[in-house]
Amino acid sequence: MSGPHAGERSWRQTLKTWIHPRVLTMLFLGFSAGIPILLIFSTLSVWLREAGVARSAVTFFSWAALGYSFKFVWAPLIDKMPFPLLTRLLGRRRSWMLVSQFAIVTAIVCMASIDPAAGEEALTIMAMAAVLLGFSSATQDIVIDAYRIECIDATYQALLSSTYIAGYRIGMVVAGAGSLFLASYLGTTTEIYLYSAWKNTYYFAAATMLVGIVTTLIISEPESNLDPSVYKYSSRQYFRLFLVFLAACLVFSLTFFLTGTTAEHVQSFLSSLLWNDTTFTGFLVEACRLALAILAAAGSVALLVKAGALEREMVVETYIDPIQEFFGRYGVKTAILILSLIGFYRVSDIVLGVVSNVFYVDMGFSKNVIAGITKLYGVGMTILGGFLGGMLTLRYGIYSILFLGALLSAITNLLFMVLASAGPDVTMLTVVIAIDNLSAGLAATAFVAFLSSLTNISFTAVQYALFSSLMTLFPKLFGGYSGSLVDTFGYNNFFLLTTLMGIPVLVLIWFIRKKSVIALKEGSDAG
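To keep things clear, this report deals only with the structure shown in the data block. (Residues numbered from 1 in each chain as written. Predicted model: local features only at pLDDT ≥ 70, side-chain atom pairs only at ≥ 80, totals over all residues. Heavy atoms only, no water.)

Scanning the protein from terminus to terminus reveals 25 helices and zero strands. Counting every position in the protein, which comprises 527 residues, the buried fraction comes to 49%. Taking as baseline every contact in the protein between residues at least 6 positions apart, the subset at least 24 positions apart corresponds to 82%. (Helix = DSSP H or I, 4+ residues; strand = E, 2+ residues; numbered from the N terminus. Buried < 20%, exposed > 50% of the residue type's maximum accessible area, 1.4 Å probe, protein only. Contact = heavy atoms within 4.5 Å.)

As structure tokens, this is what we get:
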């Protein structure tokens, strides 16, 4: 039996699967997916600060990565709409994969061609290129995730997940630490800013995307996408769907930005009523502002459909059917349990991770120690944990390792209490990082395999994009309060709290596994 309930395999059979071509493919596609993100965040931040850009302006560039959080919005387009001419030549997934990769290269080259120190106009163009990089990178993620799920049966998903995560981490190291080392080697420093050094560094980063482009051209399209009936509408209808999507994006953006001043006044008024609590009121007001923008965008689509700009059936099939199919397949109660698990599985890990660098600094560790042990060494242990998780998941099944990963992720947070008591002990830091990152890699692999097993092959891109967006939404919201929790309770109690956050996750896994086993038994009895 394949999937989450796969039977046990011998270690020899498990090890043989590592040389499967599809498994190796995901290493290179993962590398391609890992390159862009740090070119928007940490690497770009260092470049902008060296160029003398104000700190407030630097932080605004993080908005360029919003595409990662909202990729589920345009995932249905990627899933349903063929790319002119290219889809006939390469297929449904490879065509969009190649387009997104060339868009990434274009965005990186544009960023490399602009000196942010040249003035406000140059900085604006840089921001536009960064936004292009964020959205094209998120699009690549959508397509690669769909390809990974469709290219092979569910039995191999854990191994594909582990090699993808390994490639992704290697790509991040190249784009992060690698780019900083290269820029430094080329002579740029905080005191002596050299635009040419950063330009050549970003050109190098663009060149590394050839790994993904060549891989896309070599691999074959999944058999499930070779059926021409996948595209049931005309090119004109798909183009109208795209225009409606752009109109909805425009309405969303205008609503969100035009309500900014009003939101500030409302937040100021509410904080004066609630003992000047700007944290809670800020979150509440921004959440309402975001909800209003989403409603306005949805309303614009409804009006355009009513006006005949787009067929209602097409909108329902693209956006509504994937959600209805998921709830119909599992039932409302089980579907809600699954979505709760997706939303909270990584909460103990991410909430601690948000404050971890601050903790290391407060403990007295130097920047070199933090970079060397928590970043480079930590990435290595995460990759090792990912490979271990892939083998264990393939041998014992997804649910067993999903439970083990959640348990270890929670328990290892207690080690930070030991580290807090030990002080700036490099040996203890090395041990804690090794165990914590090994557990995180194992848990991430099992979790990605679990998410992959939940998707229906007819709605792969849409459903997985929804799951992966939900995966980090709640943990990131809670993570924003990590600093306040540490200020209130202290580090030791905070670490204990993050461990306790893992208990509901274990209960959810137990319930979902029980319900899933019952469903399978009923299905076999009916057969």
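Picking up where we left off.
A few words on the packing of helix α13 (residues 235-258) against helix α16 (residues 312-330). Look at α13 against α16: their axes get within 11 Å of each other, and the N-to-C directions meet at 65°. Comparing the axis directions of α13 and α16 gives the class roughly perpendicular. Here the hand of the crossing between α13 and α16 comes out right-handed. Along the contact surface, α13 presents Gln237, Tyr238, Leu241 and Phe245, while α16 presents Met314, Thr318 and Tyr319. Taken together, the residues of the contact of α13 with α16 break down into five nonpolar, two polar and no charged. (Axes fitted to C-alpha atoms, helices over the stretch in contact; angles between N-to-C directions. Parallel < 35°, antiparallel > 145°, perpendicular 65-115°, else oblique. Left-handed = near helix turned anticlockwise from the far one by under 90°. Nonpolar A, V, L, I, M, F, W, Y, C, P; charged D, E, K, R; others polar.)

Of note in the backbone geometry, leucine 85 takes a positive phi value of approximately 70° without being a glycine. Take leucine 85: it is sitting in the loop between α6 (71-80) and α7 (86-90). On the accessibility criterion, leucine 85 (68% relative accessible area) is exposed.

Once that is clear, we can look at the nonpolar core. Among the nonpolar cores identified, the biggest contains 107 residues, and Ile342 and Phe450 are the most heavily contacted of them. Among the elements that make up this core, the one with the highest residue count is helix α9 (residues 120-150) (13 residues). Here phenylalanine 450 is in contact with Ile338, Leu341, Ile342, Ile398, Tyr399 and Leu402, once residues within four sequence places are set aside. Residues Tyr360, Phe416, Leu419 and Val486 belong to the second largest nonpolar core, which totals 19 residues. (Core = buried A, V, L, I, M, F, W, Y, C linked by side-chain atoms within 4.5 Å.)

What follows is about the packing of aromatic side chains. For the coordinates displayed, the defined rule picks out 21 aromatic pairs. Measuring from ring centre to ring centre gives 5.8 Å for tryptophan 47 and tryptophan 198, while their planes differ by 10°; the resulting arrangement is stacked. Highlighted residues: tryptophan 47 in helix α3 (residues 42-50) and tryptophan 198 in helix α11 (residues 195-208), separated in sequence by 151 residues. Across the pair, tryptophan 198 and tryptophan 47 agree in class, each one buried. Judged by centre distance (5.9 Å) and plane angle (55°), the rings of phenylalanine 359 and tyrosine 360 are tilted. Exposure remark for phenylalanine 359: the relative accessible area of 1% places this residue in the buried category. Members of the aromatic cluster, each reached through a chain of ring pairs, are Phe359, Tyr360, Phe416, Tyr491, Phe494 and Phe495. In this structure, arginine 148 packs its charged tip against the face of tyrosine 464, placed 5.0 Å from the ring centre. (Phe/Tyr/Trp six-rings, centres within 6.5 Å; stacked < 30°, edge-to-face > 60°. Lys NZ or Arg CZ within 6 Å of the ring centre and 35° of its normal.)

Right, let's talk about the packing of helix α8 (residues 92-112) against helix α12 (residues 210-218) for a bit. Viewed as axis vectors pointing N to C, α8 and α12 meet at an angle of 165°, and their least axial separation amounts to 10 Å. Relative to α12, α8 is oriented roughly antiparallel. Judged by the twist between their axes, the crossing of α8 over α12 is left-handed. Together, Arg94, Met97, Leu98, Gln101, Phe102 and Val105 of α8 and Gly212, Ile213, Thr216 and Leu217 of α12 make up the contact between the two elements.

This part is about the pattern of salt bridges. For the structure on display, the rule yields six salt bridges. Linking aspartate 79 and arginine 92 is a salt bridge whose minimum nitrogen-to-oxygen distance equals 3.1 Å. One end of the pair, aspartate 79, is in helix α6; the other, arginine 92, is in helix α8, with 13 residues separating them in the sequence. Overall, arginine 92 belongs to the buried group, its relative accessible area being 6%. A salt bridge links aspartate 349 to arginine 346; the nearest nitrogen and oxygen atoms lie 3.5 Å apart. Connected through shared salt-bridge partners, Asp79, Arg92, Arg93 and Glu150 make up one network. (Salt bridge = Lys/Arg side-chain N within 4 Å of Asp/Glu carboxyl O.)

With 24 residues, α13 should reach 34 Å at 1.5 Å per residue; the first-to-last C-alpha distance of 35 Å fits that figure. All buried positions along α13 are accounted for by Gln237, Tyr238, Leu241, Val244, Phe245, Ala248, Thr255 and Phe256. (Expected span 1.5 Å × (residues − 1).)

Attention now moves to helix α17 (residues 332-344). Between its first and last C-alpha, α17 extends 18 Å over 13 residues, near the 18 Å set by a 1.5 Å rise per residue. All of the buried residues along α17 are Thr334, Ala335, Ile338, Leu341, Ile342 and Gly343.

What follows concerns a nonpolar patch on the surface. A contiguous nonpolar patch, built from Phe403, Leu407, Ile411, Leu414, Leu496, Leu500, Ile503, Val507, Trp510 and Phe511 and spanning about 850 Å² of accessible area, is present on the exposed surface. For the nonpolar patch, the secondary structure elements donating two or more residues are α20 (398-411), α24 (482-500) and α25 (502-526). Of the residues forming the nonpolar patch, the biggest block, four residues, is contributed by α25. With respect to the helices and strands, the residue valine 507 is situated in helix α25. Of the residues examined, valine 507 reaches a relative accessible area of 41% and is grouped as partly exposed. (Patch = residues over 30% accessible without salt bridge, like charges linked within 9 Å, V, L, I, M, F, W, Y side chains within 5 Å. Areas by Shrake-Rupley, 256 points an atom, 1.4 Å probe, with all protein chains shown as cover.)

On the secondary structure map, threonine 87 appears in helix α7. In terms of polar contacts, threonine 87 uses its side chain to reach the side chain of serine 95, at 3.2 Å. (Polar contact = N/O pair within 3.5 Å; in protein donor to acceptor, adjacent residues only side chain to side chain.)

Turning our attention to the environment of tryptophan 74. Within the secondary structure, tryptophan 74 sits in helix α6. Put simply, tryptophan 74 and valine 462 are 388 residues apart on the chain and 8.4 Å apart in space, counted from C-alpha to C-alpha.

Let us now look at the environment of valine 347. Here valine 347 shows up in helix α18 (residues 347-363). Here the alpha-carbon distance between valine 347 and threonine 498, two residues 151 residues apart in the chain, equals 7.9 Å. The contact partners of valine 347, leaving out residues within four places of it in the chain, are Pro475, Phe478 and Met501.

The next thing to look at is the environment of glycine 364. Here glycine 364 shows up in the loop between α18 and α19 (367-396). Among the residues examined, glycine 364 registers a relative accessible area of 52% and is labelled exposed. Expressed as a C-alpha distance, the spacing of glycine 364 and proline 424, which sit 60 residues apart in the sequence, is 5.5 Å.

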